[in-house]
Amino acid sequence: MISWRGLLHLLAWACLLSRKPANCADIPEKPENLTCVAVQVKNNEISPTIGCTWVPGTRGSRDLNTNYTLFAEVVLVGLKRAVAKQNNSCEITLDSYPHHMILNIWVEAENDLGKVESEHLSGDADFIVKTSPPSDVKVFSEKHFPTSLLINWTHPIAAEYLKLIYQIRYCSSGSSTWTHVPPVDTAKYIQSFRLQYLQPDTVYVIQVSCKNMREGHGHWSDWSANVTARTPEDKPMSKPDLWRVITPGDSAHERKVLFICKNPVLSNGKIRSFDIRVQGTKWENVLVNGSDSESDYDSSQRKTTHLKQIVLSDRRMGYVEVIAHNSVGKSPKALLVIPKASQELSPVEGLKSWIHSGRLWLEWRPPNVPAGGDAHKYTVTEYVVEWASGAQRDWQREYANTTQTVIRGRLEKYKRYIISVYALFSGWTGKPVTVETFVEQGKPSKGPAVRLNGNPGSTEAELVWNEIPQDEQHGFITNYTIFYSTGTEEHAIPVSADTYSYRLKSLSSKTSYKAWIQASTIAGSCNGTQHSFITLKYAPKEIEGIVVGVCFGFLFLVLLVVLLCIYKRDSIKKTFLPQIPNPGNSSIGTWSPDFPSKADMPRESALADVSVVEVDLFDGKSVFEEDKACLPLKKDKYLSEEHSSGIGGSSCMSSPRQSVSDSDEGGDSSETTASTVQYSSVVACNGYKGQTPSCLPQTNSQPTFSRSESTQPLLDSEENPDMPRQESSRLLHLFPLNPQPRHSANFADMDQLEVEDHGGLLSLRFSALEEDSLQTVPTEEGQSSDWQQAAPVSNYMSQTAGYRPQ
């Protein structure tokens with residue numbers, strides 16, 4: 001009868017024969033890389049528990065469990081076994097650790113189809129021992145040996161149990177790079193060692209480890225705890241790191257030169273002071289204050305000391321010498337030459353920068369040697385790479401054959417750095433080549449603050465803003481964007497990064513606006529503060545322009561009117577100042593309702609305003625006394641009536657009266673001639689001297705009537721057309737008009753009368769006489785009859801039968 005185990009074996013062999021292992025179960029794969037360790041737990045005592053690890057096989061059935069068992073056999077003592085709880089590690093405990101005895105260790109893998117054993121580890125039991133690190137490690141510095149340190153330690157286990165070899169490593173404080181002492185120097189059973197070729201006045205960190213002396217046996221212990229020590233000081237072995245900063249002077253053709261330096265790279269101790277000498281001066285000592293740990297820092301962390309500042313002319317060359325001192329001695333001398341401004345040597349070419357792995361790299365080409373120049377003079381001895389950000393400044397030196405380097409200083413992200421590369425020719429500095437860069441860019445921490453430049457206009461407003469401080473830019477500003485909004489509508493205007501003012505145009509008048517500026521870098525943008533303003537209804541000078549324009553327009557209009565008045569003065573005069581016809585030139589003398597017309601009309605020259613007759617007026621014998629008394633009064637009355645009526649005077653602007661219409665024309669004619677006054681005039685050919693008629697009628701005088709039309713108001717006689725015709729006839733009969741003037745022989749009297757006329761009656765042409773004033777004046781004896789004939793009177797005659805057509 002076949003058991004189930006036999007069936008499984010038969011099934012496994014069948015799978016193997018069918019060459020389908022993926023679908024068939026299999027015996028376990030052999031474990032590989034078996035490693036075992038026995039650690040030290042106390043002084044001279046190794047733990048009896050042995051830990052082992054291995055690599056299990058990957059071949060086997062997924063349906064069959066594989067069990068691992070660790071075996072440890074001490075020859076002549078016995079076998080120990082332990083079942084592993086994991087498939088790759090297990091611990092086995094012996095009764096005690098078998099020093100100097102043969103120990104055999106292996107691991108067995110087993111499943112239902114079979115089992116397999118790993119390679120056996122066999123040998124002296126100490127071949128798997130891992131001791132503790134050396135204890136009580138101490139480091140000593142010796143004053144007369146500034147480049148060495150002495151290390152002492154204690155064996156972790158007695159030589160009776162195990163002899164050990166050691167290894168030592170060290171590094172300067174703050175460094176992560178360890179330096180190992182060659183194993184050939186420490187592969188001995190020793191308890192001390194002297195480290196050599198160290199840097200003076202440098203703090204070192206030291207560690208020690210150990211293992212079984214026998215080749216191929218045992219495991220290295222863990223490293224001992226860190227032990228630090230400082231090497232003794234020594235005199236500086238390198239020159240001070242001397243440099244200068246040149247800025248413009250207070251006056252033209254001057255430079256301010258500030259000499260600065262850092263401790264020598266091989267300062268070998270704390271630098272206490274510097275000796276400096278500028279060309280043409282004595283040595284000066286500059287003390288240095290600082291902590292004792294300054295010499296622990298590398299070149300990127302060394303403190304910069306300001307030595308001296310001088311004023312140097314652009315036309316002068318200068319040089320400076322510097323020596324560093326510590327407690328042991330002095331350094332070699334450093335020399336730096338400041339050439340004339342016009343004699344700076346050639347710069348490097350093709351400087352470029354880039355960021356790689358968070359560090360700033362630089363690359364350049366050596367400077368060109370001028371044609372015909374001294375090759376020795378233009379030989380580069382070293383380069384100086386300087387970087388500055390604000391008030392911070394640092395530099396590093398590179399060898400003459402270097403054309404690519406990385407900035408070894410500590411650079412911060414979001415900070416702008418100005419990188420300059422100088423070529424040095426045996427202490428002579430060349431022209432710098434500069435580039436600006438960021439290690440990492442970010443968006444600005446704040447935007448610019450915008451404000452108005454002056455007052456806003458009605459449609460324009462000028463915005464101004466300042467550049468963002470460099471420590472708040474966090475990158476290169478690519479552009480600014482101007483935003484302005486009325487609350488309902490927003491506008492954006494991008495401008496270049498070097499623009500700090502902009503005039504907004506086409507704004508709405510009397511409107512409230514909000515404006516702000518956005519600063520942008522390649523990493524992002526940030527808005528500045530908002531500024532509100534209100535545009536004006538009118539521009540600042542718009543009102544003045546309107547007023548000035550209106551004033552000029554009014555002046556132009558006035559000037560145009562004045563010129564028009566001057567040019568059209570005749571038409572305007574005729575319109576507003578009509579010409580009054582001269583009654584003396586009227587043709588009324590050609591007709592009369594009471595007298596027949598004469599065939600011979602008087603000549604135009606005979607129709608004068610006043611006709612002068614040669615008579616002896618107011619002779620005492622011809623005129624009644626009462627008439628003499630009444631003459632002055634009548635003269636005044638005539639003058640008053642003359643001025644009131646406007647005839648023959650200057651009162652041409654008097655109001656016109658209703659004109660006298662012809663009886664044949666009726667009422668319609670009077671309405672159409674409301675502004676025209678028709679009046680008659682009796683003109684005597686022999687003229688007259690006054691308005692008082694002569695008492696003696698002249699039968700031989702024939703009056704002449706003239707007619708005229710005018711806007712002059714009517715006279716009293718014309719305003720009373722109902723006066724009886726008999727009275728008018730009587731007046732003409734009493735005062736006949738003599739057409740032929742008679743010349744009197746009394747020239748004195750004539751002159752007197754002419755003067756009287758010129759004094760007050762010259763302007764009096766016509767007047768009406770009251771009826772009561774017309775009386776017959778008796779002639780006294782002795783008077784000449786010529787007087788009676790020399791008193792012609794010109795008077796208006798009332799018209800009862802209408803006007804005769806002319």
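As a reminder, the structure under discussion sits directly above these lines.
Below is a short write-up of the structure. (Residues numbered from 1 in each chain as written. Predicted model: local features only at pLDDT ≥ 70, side-chain atom pairs only at ≥ 80, totals over all residues. Heavy atoms only, no water.)

Points about the side chain of Ser458
Structurally, the position occupied by Ser458 is in the loop between β33 (450–452) and β34 (461–465). If sequence neighbours within four positions are ignored, Ser458 has contacts with Leu507, Ser508, Ser509, Thr535, Leu536, Lys537, Tyr538, Ala539 and Glu542. (Helix = DSSP H or I, 4+ residues; strand = E, 2+ residues; numbered from the N terminus. Contact = heavy atoms within 4.5 Å.)

A word on the pattern of salt bridges
For the structure on display, the rule yields 22 salt bridges. Linking Glu119 and Lys30 is a salt bridge whose minimum nitrogen-to-oxygen distance equals 2.6 Å. In this pair, Glu119 is assigned in the loop between β8 (114–117) and β9 (121–124) and Lys30 in the loop between α1 (4–18) and β1 (32–42), connecting sequence segments 89 residues apart. The partner of Arg503 in a salt bridge is Glu462, with the nearest N and O atoms 3.1 Å apart. In this pair, Arg503 is assigned in strand β37 (residues 501–504) and Glu462 in strand β34, connecting sequence segments 41 residues apart. With a relative accessible area of 38%, Arg503 lands in the partly exposed category. Sharing partners across several salt bridges, the network here consists of Asp241, Glu382 and Arg397. (Salt bridge = Lys/Arg side-chain N within 4 Å of Asp/Glu carboxyl O. Buried < 20%, exposed > 50% of the residue type's maximum accessible area, 1.4 Å probe, protein only.)

Some words on unusual backbone geometry
The backbone of His100 sits at a positive phi, close to 60 degrees, despite the residue not being glycine. Looking at the secondary structure, you find His100 in the loop between β6 (89–93) and β7 (102–111). Residue His100 is classed as exposed on the basis of its relative accessible area of 54%. One non-glycine residue with positive phi stands out, namely His253, at about 60 degrees. Structurally, His253 can be placed in the loop between β18 (241–248) and β19 (254–262). Judged by its relative accessible area of 45%, His253 is partly exposed.

What to know about the environment of Gly249
Summarising the element assignment, Gly249 is placed in the loop between β18 and β19. Separated by 64 residues in sequence, Gly249 and Ser313 place their C-alpha atoms 8.8 Å apart. Setting aside residues no more than four positions away along its own chain, Gly249 makes contact with Glu254, Arg255 and Lys256.

Thoughts on the state of the cysteines
Taken as a whole and judged by the stated rule, the model has one disulfide. One disulfide in the model links Cys36 with Cys52; its S-S distance is 2.0 Å. Its S-S torsion of about 110 degrees marks the bond between Cys36 and Cys52 as right-handed, since a negative value means left-handed. Taken together, the residues span a long stretch of sequence, with Cys36 in strand β1 and Cys52 in strand β3 (residues 49–55) at a distance of 16 residues. Judged by relative accessible area, which is 3%, Cys36 ranks as buried. Take Cys52: its relative accessible area is 2%, and that puts it in the buried class. (Disulfide = S-S within 2.5 Å.)

Remarks on a nonpolar patch on the surface
Residues Val548, Phe552, Phe554, Leu555, Val558, Leu559, Val562, Leu563 and Ile566 make up a contiguous nonpolar surface patch of about 870 Å² in total accessible area. Tracing the backbone shows Leu563 in helix α4 (residues 542–567). Residue class for Leu563 comes out partly exposed when judged on its relative accessible area of 47%. (Patch = residues over 30% accessible without salt bridge, like charges linked within 9 Å, V, L, I, M, F, W, Y side chains within 5 Å. Areas by Shrake-Rupley, 256 points an atom, 1.4 Å probe, with all protein chains shown as cover.)

Comments concerning the sheet that holds β34
Spatially, β33-β34-β37 is the arrangement adopted by the three strands of the open sheet, whose pairing is antiparallel. Strands with a single pairing partner mark the edges of an open sheet, and in this sheet they are β33 and β37. If you compare each strand with its neighbour and ignore which way they point, the axes differ by 30 degrees on average. Relative to β37, β34 runs antiparallel, the two sharing four bridges. Residue pairing for β37: Leu463 is matched across the bridge by Tyr502. (Pairing = 2+ DSSP bridges. Axes fitted to C-alpha atoms, helices over the stretch in contact; angles between N-to-C directions.)

Brief notes about the sheet that holds strand β25 (residues 349–356)
Overall, antiparallel pairing links the three strands, which are arranged β25-β26-β29 in an open sheet. Looking along the sheet, the strands with just one partner apiece sit at the ends: β25 and β29 (404–406). Averaged over all adjacent pairs, the angle separating strand axes in this sheet is 20 degrees, with direction ignored. Where strand β26 (residues 359–365) lies against β29, three bridges are found, and the strand directions are antiparallel. Looking at β29, one finds that Leu362 is bridged to Thr405.

Some remarks on the packing of aromatic side chains
When we look at a pair of aromatic rings, we describe it by the centre distance and by the angle of the planes. Evaluated as defined, the whole model comprises twelve aromatic pairs. When the centroid spacing of 6.0 Å and the interplanar angle of 40 degrees are considered together, the rings of Trp54 and Tyr68 count as tilted. On the criterion of sequence distance, the pair formed by Trp54 in strand β3 and Tyr68 in strand β4 (residues 67–74) is long-range, its members being 14 residues apart. Using a relative accessible area of 8% as the deciding quantity, one classes Tyr68 as buried. Taken together through their ring pairs, the aromatic side chains of Trp465, Tyr480 and Tyr500 make up a single cluster. A cation sits over an aromatic face here: Lys211 above Trp220, 5.6 Å from the ring centre. Here the guanidinium or amino end of Lys262 rests over the ring plane of Trp395, the centre of that ring lying 4.6 Å away. (Phe/Tyr/Trp six-rings, centres within 6.5 Å; stacked < 30°, edge-to-face > 60°. Lys NZ or Arg CZ within 6 Å of the ring centre and 35° of its normal.)

Regarding the pairing of β4
The element β4 is largely enclosed, with a buried count of six among its eight residues. Sheet analysis places β4 next to β7, joined by eight bridges and oriented antiparallel. When the sheet's bridge partners are listed, Leu70 is paired in β7 with Val107. Taken together, the six bridges between β4 and strand β5 (residues 78–83) define a ladder with antiparallel strand orientation. Of the residues in β5, the one forming a bridge with Leu70 is Ala82. Taking the residues that link successive antiparallel strands as the turn, the β4-β5 hairpin has three residues, and the phi of Leu76 there is positive, at about 70 degrees.

Concerning the pairing of strand β23 (residues 318–325)
Most of β23 sits out of view: seven of its eight residues are buried. Bridge count between strand β20 (residues 273–278) and β23: six bridges; the pairing is antiparallel. By the bridge assignment for β23, Ile276 is matched with Val322. Where β23 meets strand β24 (residues 334–338), five bridges bridge the pair, whose relative direction is antiparallel. Bridge pairing links Gly318 to Ile338 in β24.

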